[in-house]
Structures are given as C-alpha cells and as structure tokens.
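# Residue-level structure breakdown
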Amino acid sequence: MKVPDTKENLEKCICMGCPTHNDCMKERMQGLFCSRGKSDCELDKQGCICGECPVKSEYMLAGMYFCVNGAEA
Amino acid sequence: MTDGGEEASNWWVFPGFEVEVAASGLDLPCNIAFVPEPSEIPGEPLLYITELYGKIKVISNDWQVHTYAENLLNYAPDHRFPGTGESGLIGICVEPETGDLFVSMIYEEKGGMMNKVARLTSRDGLRMESLETVLDGIPSVKAAHQIQAVTIGFDGKLYVNLGDGMINPGVAQDHDDLRGKILRLNLDGSIPEDNPYPNSLVFAKGMRNPFGAAWRRSDQSLYISDNGPERDDRIARVIAGGNYGWPETMRKNSIFWWHYTHAPTAVAFMQDGQFPDDFNDELFVCLFGSAHIRGPAIKGKKIVKIALNKQNTAVHSAEVFVAYKGQGFASPCGMAFGPGGLYFTDLFGEQKGGEEGPGQGSIYRVKRRT
C-alpha cells in the first residue's frame, strides 16, 4: 500500500532513531523513506527498525530497509 | 512498599489479585533479579535492578533503594525510542554461592558496538567493589538485538542469550559466530567440557532477539522469549544443540508463538508458592509492545500467563494477567517472582510530562487480594 507523504505520517516516523540513519541523512533531514523513497546518502546497513514503525503497521508494508530499497509501490 | 494510589491503579489485574508499588524513582528500570536466599536482616540485599543506561540499584530487605554501581556504559546513550536508545545494560542474575552479579551490556570499541558479560563483586552486596569481564568482543548494535538475559542453570553454568545483532541475521546459523545463540559458560567464562559442540560456547542456535530467560524446576529446563520480525514472537524450551530456525523461521522448535508481535521481554515461572496452586508451574511473560507508546495498547503492555502441556511441547492456555490501562508510557519489561508475589518493572514509567526523564520508573508487585 502506498504511504502518503503527510505531516501525520512524518510525526509517526521512527527513521531518525534507526542505527542506519547516519550523519548525512540527519544533515539532509531525511526520513519517511517508505513514502519518499531511498536515501541518496552513502550508507552502511547498521540494522533496521522498520518492523517497529507504526507507519509500516498502518499501511501493512511488507519490506524493510526502505532507506536502501526505496518506497513500496 | 505502598499501595501506590493512582500509579498502581493504572494496571488491570486478573481477578483475585492486586497491584502495589514496590519501589519508585528508578531510571529506566529494565531487568530484576532476587537474591536466591536473602537474609532477614533489614539492611541486606534483596533485589537487584539493571537501569538501561548503566546503573544497578539494589533494594534491601527494608525496601531502601541503594546505588550498587553506576557509569557502566562507556558511551552516551541517545534516548531514541524505538531505535538507538533501546540498548545498554540489560541482563542480570545473582550467583547463589557468593552473591556476585552477572550482568550483560554493550560497549563501544573503535567506533563500533560490542557485547559483554561482567561479574561484579561486593562484600556487603550494596556497593560494587570490582568488575571482571567474563565474555566480550562479540559484535553488537546500538539498538535492540543485543546481548540479553543472563541466568545460572541448575547445573551451575552461566547461560547467555545473544541477539543476532540485527545487521546480518544469517549469523544465527553460523557456529563460528556467537550472535543469535544461547551460550553456556563456566562462571569464569571458559568453555564447559560437556557443551554440545566441541570447544564452543554455543548451546543452541537460530535465535533472533531472545530477551528473556527463566529456569523451570519441574523439568530442569531453560525457557526463553524471542522476538520475531513482524510476526511470530515466540516462547521456546532450549535444549542442548537445538536449532530454533532463525532467519528462515521463528516457529522451529517453539512451543508457542504470537502471530501479531507483542515484543515479549522477561519470563518467569510461578514455582515457589506465591500464587494459589492453580497457578503452579505456569509461565508468565511480559509483552512490552511498541517502544514508547502512550496509553493502553492492543500490541503488548501486558503480562500473560501460559499453562504448558505435560509434554512441554505446546500450551493449554494463554491469558492476560496484567494489562496497562493508564495514559502514560509505562510498559512491563523486567519480571521475577519474589517475596509475596510477582514483581515487574515499567521501564519508562508514567512520564506524566510526556518526556523521558530521571526517576520516573517503578517496580510493581502483583499479590493475592486479601
């Protein structure tokens, strides 16, 4: 299910607390990758907390690492 | 010990029982461990508590709270829940012969996170005097899936629950990697000669994030909780050389699983008569739920009780025993049976101001209604 890029979803987003969310992503204020698509920052996978995210639950998303793999269609 | 007024009334409890506040003013109280055979002297230790960000508190028989150890983490936690703030000082058990503590935690080394187990000693049991590292150098992550429960088995060995480290779940099947395993150690950290795999600390493999562990007297076995990805949180009885399936499956060799994840944390068996006989040998499981959620929740924020079948391969029943009904962030995390009842921590506490802060966590006791 496609995730709308809304203020409500951004408030629920937990990307900023993820161990993979690095300094580059923080500087560029990136998040809500399940809606906005993958990051353009260089990154190493340091673990994924998408499974704990209320946005993922609400929209019944199946994937993980949206910052790497991009938004669900 | 107080009736706790409003805070205690935030918990629904099974008919015939009541909840009271055992201790408050704690900072992110995580796991708890009772002294196996405490004295009756008022100032001597009764109960130890890990606080997630690097302190250990001890409660003496007169219910005074003392700081046993502090500054145990070598990095600054960032308080992000869920996420990088969910890790720190987690597991704890008391060695029955000496009263020493074994604790599990992560530490920073060369910019990366590692897991370790330490043995802490004290002459009076109220203030740590020395710390000896028993096991270290295992890669970890600054999030969940770190090193978790530590317990001492009926065989006198130390058992350690290790999460898979989150980054590469396949390590849970790799015999040469200690992540995603249950380890069995001599108390000095050496490998027992009778471990299932030669020259290896690995006792069982295929775990994902096994937070809780408890020993059951009736079958002399270790039971654990293990957290699934988006489904299949589970309970398993751990056998030597067992493979519990992760990352292919969370159901292999499990005796119970929740299809909808509730984030099981501590587990405990009612086996010392604190509750009526009907509850004897039942397994109690904290279901933490999503990290840092306000108010009651469908997902977690409960303690359930589970009756196992005679073969210990499945369950007869699983019922809610305690459930949060307040408007705060409290959620059951650590748990153990102790004097007069079942004790549990609420990690974040109520956080009435909506912000995490020091001294907001509590320990509650569930006891029979009188």
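Presented here is a report on the structure given in the accompanying data block. (Residues numbered from 1 in each chain as written. Chains lettered and ligands numbered in written order. Predicted model: local features only at pLDDT ≥ 70, side-chain atom pairs only at ≥ 80, totals over all residues. Heavy atoms only, no water.)

### Considering the sheet that holds strand 15 (residues 213–216) of chain B
Residue and element names in this part refer to chain B. Defined as follows: We treat two strands as partners when DSSP finds at least two bridges between them. Strands are runs of DSSP state E lasting at least two residues, helices are runs of H or I lasting at least four, and both sets are numbered from the N terminus onward. Throughout, an axis means a line fitted to C-alpha atoms (over the contacting stretch in the case of helices), and angles, computed between N-to-C directions, take values from 0 to 180 degrees.
On the basis of which strands lie adjacent, the open sheet formed by four strands has the order 15-16-17-18 and antiparallel pairing. Because the sheet does not close on itself, it has two edges, and the strands there are strand 15 and strand 18 (254–258). The mean angle between the axes of side-by-side strands here comes to 20°, regardless of whether they run parallel or antiparallel. Strand direction decides the pairing type here: strand 16 (residues 221–226) and strand 17 (residues 233–238), joined by five bridges, are antiparallel. Counted as the bridge partner of Ile224 is Ala236 from strand 17.

### Points about the layout of surface pockets
In plain terms, the rule: A cavity, in this analysis, means grid points on a 1 Å lattice covering only the protein atoms where a 1.4 Å probe fits yet has no way out; a pocket is instead an open set bounded by protein on both sides within 12 Å along at least five of seven lines, and a residue lines either one if it has an atom within 4 Å of a point. Grid points are joined across faces, edges and corners, and a volume is the space filled by probe spheres set on the points. Think of it as three bins: nonpolar holds Ala, Val, Leu, Ile, Met, Phe, Trp, Tyr, Cys and Pro, charged holds Asp, Glu, Lys and Arg, and polar takes everything else, Gly as well.
Looking at the largest pocket, its volume works out to about 1,100 Å³. Taken together, 38 residues line the largest pocket, and the ones lying closest to its centre are Phe34, Pro36, Gln271, Ala336 and Phe337 of chain B. Elements represented by at least two residues in the lining of the largest pocket include exactly strand 3 (29–34), strand 7 (89–94), strand 11 (147–152), strand 15, strand 19 (264–269) and strand 23 (335–338) of chain B. In the lining of the largest pocket, the residues fall into 27 nonpolar, eight polar and three charged. By volume, the second largest pocket is sized at about 440 Å³. Along the wall of the second largest pocket there are 22 residues; nearest its centre are Pro19 and Gln46 of chain A together with Thr84, Gly111 and Lys142 of chain B.

### Let's talk about the sheet that holds strand 23 of chain B
All names here are of chain B. The antiparallel open sheet is built from four strands, whose spatial order is 2-25-24-23. Each of the sheet's edge strands pairs with one partner strand only, and the pair in question is strand 2 (17–26) and strand 23. When strand polarity is set aside, the average angle formed by the axes of neighbouring strands in this sheet is 25°. In the sheet, strand 24 (residues 341–345) pairs with strand 25 (residues 361–368) via four bridges, with the strands oriented antiparallel.

### Details of the pattern of salt bridges
Residue and element names in this part refer to chain A. For the record, the criterion: Every case where a carboxyl oxygen of Asp or Glu lies within 4 Å of a side-chain nitrogen of Lys or Arg is listed as a salt bridge. The buried label applies to any residue whose accessible area, calculated with a 1.4 Å probe on protein chains only, is under 20% of its type's maximum; exposed applies above 50%, and partly exposed to all values in between.
Taken as a whole, this structure holds 27 salt bridges over all chains when the rule is applied. Close ionic contact of Lys7 with Glu11 constitutes a salt bridge, the shortest N to O distance being 4.0 Å. Residue Lys7 and its partner Glu11 are located together in helix 1 (residues 7–12), separated by four residues, close to a single helical turn. Lys7 gets classed as exposed once you look at its relative accessible area, which sits at 60%.

### Details of the interface of chain B and chain A
Here is the rule we go by: Any two residues having at least one pair of non-hydrogen atoms within 4.5 Å are treated as being in contact. Buried area adds together the accessible area that both of two parts lose upon being put together, with accessible area traced by a 1.4 Å probe. Two N or O atoms form a polar contact when they lie within 3.5 Å of each other; inside protein one atom must be a possible hydrogen donor and the other a possible acceptor, and for residues adjacent in sequence the pair counts only when both atoms belong to side chains.
Opposite the 13 residues of chain B that make contact, chain A presents 17 residues. Between chain B and chain A lies a buried interface of about 1,100 Å² when both sides are counted; carbon and sulfur atoms form 56% of it. On the surface where chain B and chain A come into contact, there are one salt bridge. The partner of Glu230 of chain B in a salt bridge is Lys56 of chain A, and the shortest N-O contact between them spans 2.7 Å. At the surface where chain B touches chain A, the tally comes to three residue pairs in polar contact (both at pLDDT 80 or more). Here the residues of the side of chain B that touches chain A sort into seven nonpolar, two polar and four charged.

### Overview of the state of the cysteines
Rules: Disulfides are defined in this document as cysteine sulfur pairs within 2.5 Å.
Under the defined criterion, the tally for this structure stands at one disulfide over all chains. In this model, Cys24 of chain A is linked to Cys41 of chain A through a disulfide, with the two sulfur atoms separated by 2.1 Å. Because the sign of the S-S torsion sets the handedness, a value of about -75° for the bond joining Cys24 of chain A and Cys41 of chain A places this disulfide among the left-handed ones. Here Cys41 of chain A lies in the loop between helix 3 (33–36) and helix 4 (54–58) and Cys24 of chain A lies in helix 2 (residues 23–27), a separation of 17 residues in the sequence. You can see Cys67 of chain A has no disulfide; the closest cysteine sulfur is in Cys18 of chain A, sitting 6.2 Å from it. Note on Cys67 of chain A: relative accessible area 9%, which makes it buried. The thiol of Cys93 of chain B is not disulfide-bonded; the next cysteine sulfur, from Cys30 of chain B, is found 14 Å away.

### Describing the nonpolar core
Residues and elements named next belong to chain B. For the record, the criterion: We call a set of buried residues a nonpolar core when its members are Ala, Val, Leu, Ile, Met, Phe, Trp, Tyr or Cys and they connect through side-chain atoms within 4.5 Å of each other.
Residues Tyr48, Ile56, Tyr68, Leu101 and Val103 are the most contacted members of the largest nonpolar core, which totals 35 residues. Contributing elements (two or more residues each) for this core: strand 3, strand 5 (55–60), strand 6 (65–69), strand 7, strand 8 (101–109) and strand 9 (112–121). Aside from chain neighbours lying at most four places away, what touches Ile56 is Tyr48, Ile49, His66, Thr67, Tyr68, Ala69, Leu72, Leu89, Ile92, Leu101, Val103 and Leu120. Among the nonpolar cores identified, the runner-up in size contains 25 residues, and Phe17, Met270, Phe279 and Val322 belong to it.

### Digging into the packing of aromatic side chains
All names here are of chain B. Put simply, the test is: Ring pairs are drawn from Phe, Tyr and Trp, using the six-membered ring of Trp, whenever the two centres fall within 6.5 Å, and their geometry is named by plane angle: stacked under 30 degrees, edge-to-face over 60, tilted for the rest. Charge-over-ring contacts are defined here by two conditions on Lys NZ or Arg CZ: a distance within 6 Å of the ring centre and an angle within 35 degrees of the ring normal.
This model, assessed by the stated rule, comprises 28 aromatic pairs over all chains. Where Phe17 meets Phe275, the ring centres are 4.7 Å apart and the plane angle is 65°; that geometry is what we call edge-to-face. Here Phe275 lies in the loop between strand 19 and strand 20 (283–287) and Phe17 lies in strand 2, a separation of 258 residues in the sequence. Taken individually, Phe17 and Phe275 each receive the classification buried, so the pair is uniform in this respect. Considering the side-chain rings of Phe275 and Phe284, the 5.9 Å spacing of their centres and the 70° angle between planes classify their relative orientation as edge-to-face. As far as burial versus exposure is concerned, Phe275 and Phe284 are alike and both buried. Looking at Lys116, its charged tip hangs above the ring of Tyr107, at a distance of 5.4 Å from the centre.

### A closer look at empty space enclosed by the protein
All told, the structure shown has three cavities of 30 Å³ or more when counted by the stated rule. The volume enclosed by the largest cavity comes to roughly 530 Å³. Taken together, 33 residues make up the lining of the largest cavity; nearest its centre are Glu52 of chain A together with Glu86, Ala144, Asn227 and Ala263 of chain B. Here the lining of the largest cavity is built from residues that sort into 18 nonpolar, ten polar and five charged. Here the second largest cavity is characterised by a volume of approximately 190 Å³. Considering the residues around the second largest cavity, the lining is formed by 21 residues, among which Ile14, Cys15, Phe33, Cys50 and Phe66 of chain A are closest to the centre. Of all the elements in the fold, those that place two or more residues in the lining of the second largest cavity are helix 3, helix 4 and helix 5 (66–69) of chain A. Of the residues assigned to the lining of the second largest cavity, the class counts are 17 nonpolar, three polar and one charged.

Function cannot be read off these values alone, since they describe shape.
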